Amino acid sequence: MALASRLLSRSTRQLCAGRVVLRPEHAVPVRSFAKEASAPTALKGDQVLKDIFYEVKNKLETAIGVLRKEKITIDPENSAAVSEYAKVMKSVRQKANLMSESQIIKFNIEVDTHEIPDARSYLLKLKEMRVKRGLIDAQGIEDLQMAALDKVEKEIKKALMRNDKKGIALLTAEFDKINQKLGIRKEDLPKYEEQLELKIAKAQLEELKKDALEAMETQKKREEFKDEEMPSVKSLDIRNFI
């Protein structure tokens, strides 16, 4: 049961990733709990929270419905199993209207950087977010981008602000040169997203395998199971535990 819960949490986390930020106009006013106070009517803030709850509940039920039907093989070393797991999780996202990993990253970038005024702080924030997510800059793109920013700021003789359209156009041109040098093309973005999803799928299967092995080791310590042979992790059918 614990193993299935860990699997379900993969989908549940995405519900939180698309979180709704309550604005001041949605704030719930302080209620009066005096004895003579009349029963409060439904408040706008209460309705917002209720709507969020039911939306998350419906999405989670949809995700569980998909996982009850699809067979998942816990074998991270098998490329076919990894591909099939990625396909199942994509089906979960589509039917439950969840975001993909790249969409989550884009959403988080927009939320965490929208108040940053200058380009340098923006790029540093992106690096911070990458490190926190455990993503590796294998091609050294960040250093190349910083060098490009240094070049532009030297040319305009001031710090580059994000609302400086001409300056940003110069920086974008430099970034295009970097992409061309590295062979990165906009039309290949769907392919890069697919590669990212496969890497994430493999990492999640590795975590599930670790959880399964730990669960079985714990089970073996119980008296009634000490003489039983534990099954292979890849033979487990998580649908039986949901």
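Looking at an unreviewed UniProt entry, one finds the protein named ATP synthase 24 kDa subunit, mitochondrial and attributed to Anisodus acutangulus.

Draft legend 1. Fine view of the overall build of the protein. Looking only at helices and strands, the protein features eight helices and zero strands. Ordered by position in the sequence, the α and β elements of the protein form the string α-α-α-α-α-α-α-α. Across the 242 residues in the protein, those meeting the buried criterion constitute 30%. Within the protein, contacts between residues at least 6 apart in sequence are counted, and of these 67% link residues at least 24 apart. About 16,600 Å² of surface is accessible on the protein, with carbon and sulfur atoms providing 55% of the total.

Draft legend 2. Local environment of the nonpolar core. If you look at the biggest cluster of nonpolar residues, it comprises 21 residues, and the most contacted ones within it are L67, I72, Y85, V92 and L205. Going through the elements one at a time, α2 (44–69), α3 (79–96) and α8 (189–220) are the ones with two or more residues in this core. Of all hydrophobic cores here, the second largest spans 10 residues; its members include L123, V152, L171 and F175.

Draft legend 3. Structural view of the packing of aromatic side chains. Applying the stated rule across the entire model yields one aromatic pair. Between F53 and Y54 the ring centres are 5.3 Å apart and the planes differ by 75°, which places this aromatic pair in the edge-to-face class. A relative accessible area of 52% means that F53 is categorised as exposed. Of the residues examined, Y54 reaches a relative accessible area of 43% and is grouped as partly exposed.

Draft legend 4. How the structure looks around the UniProt feature "coiled-coil region" (unreviewed entry) in the protein. Residues given the UniProt feature "coiled-coil region" (unreviewed entry) here are residues 191–222. The span residues 191–222 is 94% helical and 0% strand by assignment, and the distance between its end C-alpha atoms comes to 47 Å.

Draft legend 5. The arrangement of the packing of α3 against α8 in detail. Between α3 and α8, the least distance of the axes is 9 Å, while the angle of their chain directions is 105°. Taken together, the axes of α3 and α8 lie roughly perpendicular to each other. Of the residues in α8, those touching α3 at A81, V82, S83, Y85, A86 and R93 are E197, L198, A201, K202, Q204, L205 and L208.

Draft legend 6. Molecular detail of the side chain of E142. When you line up the elements, E142 lands in helix α6 (residues 141–156). With residues up to four places along the chain from it excluded, the contact list for E142 reads K127, R130 and D137.

Draft legend 7. Broad picture of helix α7 (residues 165–182). A rise of 1.5 Å per residue sets the reference length of α7, with its 18 residues, at 26 Å; its end C-alpha atoms lie 25 Å apart and thus fit the reference within 8%. Of all the positions in α7, only G167, L171, E174, F175 and I178 are classed as buried. Buried residues in α7, looked at end-on, bunch into an arc of 100°, giving them a common side. Counted as exposed and oriented over 90 degrees from the buried face of α7: K165, K166 and Q180. Turning to α7, the residues buried within the fold contact α5 (119–132) and α6.

Draft legend 8. Representation of the layout of surface pockets in the model. Space inside the largest pocket adds up to approximately 2,200 Å³. Forming the walls of the largest pocket are 42 residues, and the residues nearest its centre are I105, I109, L135, I141 and L189. Sorting the residues of the lining of the largest pocket by element identifies α4 (101–113), α5, α6, α7 and α8 as the ones contributing at least two each. The element contributing the most residues to the lining of the largest pocket is α8, with eight residues. Here the residues of the lining of the largest pocket are counted per class, giving 20 nonpolar, eight polar and 14 charged.

Draft legend 9. Fine view of the environment of D150. Looking at the secondary structure, you find D150 in helix α6. Residues D150 and R120, 30 residues apart in the sequence, show an inter-C-alpha distance of 9.1 Å.

Draft legend 10. Region of interest: the packing of α5 against α6. Look at α5 against α6: their axes get within 11 Å of each other, and the N-to-C directions meet at 175°. The angle between α5 and α6 falls in the class roughly antiparallel. Residues A119, R120, L123, L124, K127 and R130 of α5 form the contact with α6, whose participating residues are E142, Q145, M146, L149, D150 and E153. Considering only residue class, the contact of α5 with α6 consists of five nonpolar, one polar and six charged.

Draft legend 11. Broad picture of α4. Over its 13 residues, α4 extends 18 Å from the first C-alpha to the last, a length consistent with the 18 Å expected when each residue adds 1.5 Å. Restricting attention to buried positions, one finds in α4 the residues E101, I104, I105, N108 and T113. All buried residues of α4 fall inside an arc of 135° around its axis, so they share one side.

The rules we used
- Residues numbered from 1 in each chain as written.
- Predicted model: local features only at pLDDT ≥ 70, side-chain atom pairs only at ≥ 80, totals over all residues.
- Heavy atoms only, no water.
- Helix = DSSP H or I, 4+ residues; strand = E, 2+ residues; numbered from the N terminus.
- Buried < 20%, exposed > 50% of the residue type's maximum accessible area, 1.4 Å probe, protein only.
- Contact = heavy atoms within 4.5 Å.
- Areas by Shrake-Rupley, 256 points an atom, 1.4 Å probe, with all protein chains shown as cover.
- Core = buried A, V, L, I, M, F, W, Y, C linked by side-chain atoms within 4.5 Å.
- Phe/Tyr/Trp six-rings, centres within 6.5 Å; stacked < 30°, edge-to-face > 60°.
- UniProt positions renumbered as here; feature names shortened; annotations may be inferred.
- Axes fitted to C-alpha atoms, helices over the stretch in contact; angles between N-to-C directions.
- Parallel < 35°, antiparallel > 145°, perpendicular 65-115°, else oblique.
- Expected span 1.5 Å × (residues − 1).
- Arc of directions from axis to C-beta.
- 1 Å grid on protein atoms, 1.4 Å probe; cavity = no way out; pocket = protein on both sides within 12 Å on 5 of 7 lines; lining within 4 Å.
- Points joined across faces, edges and corners; volume = space filled by probe spheres on them.
- Nonpolar A, V, L, I, M, F, W, Y, C, P; charged D, E, K, R; others polar.

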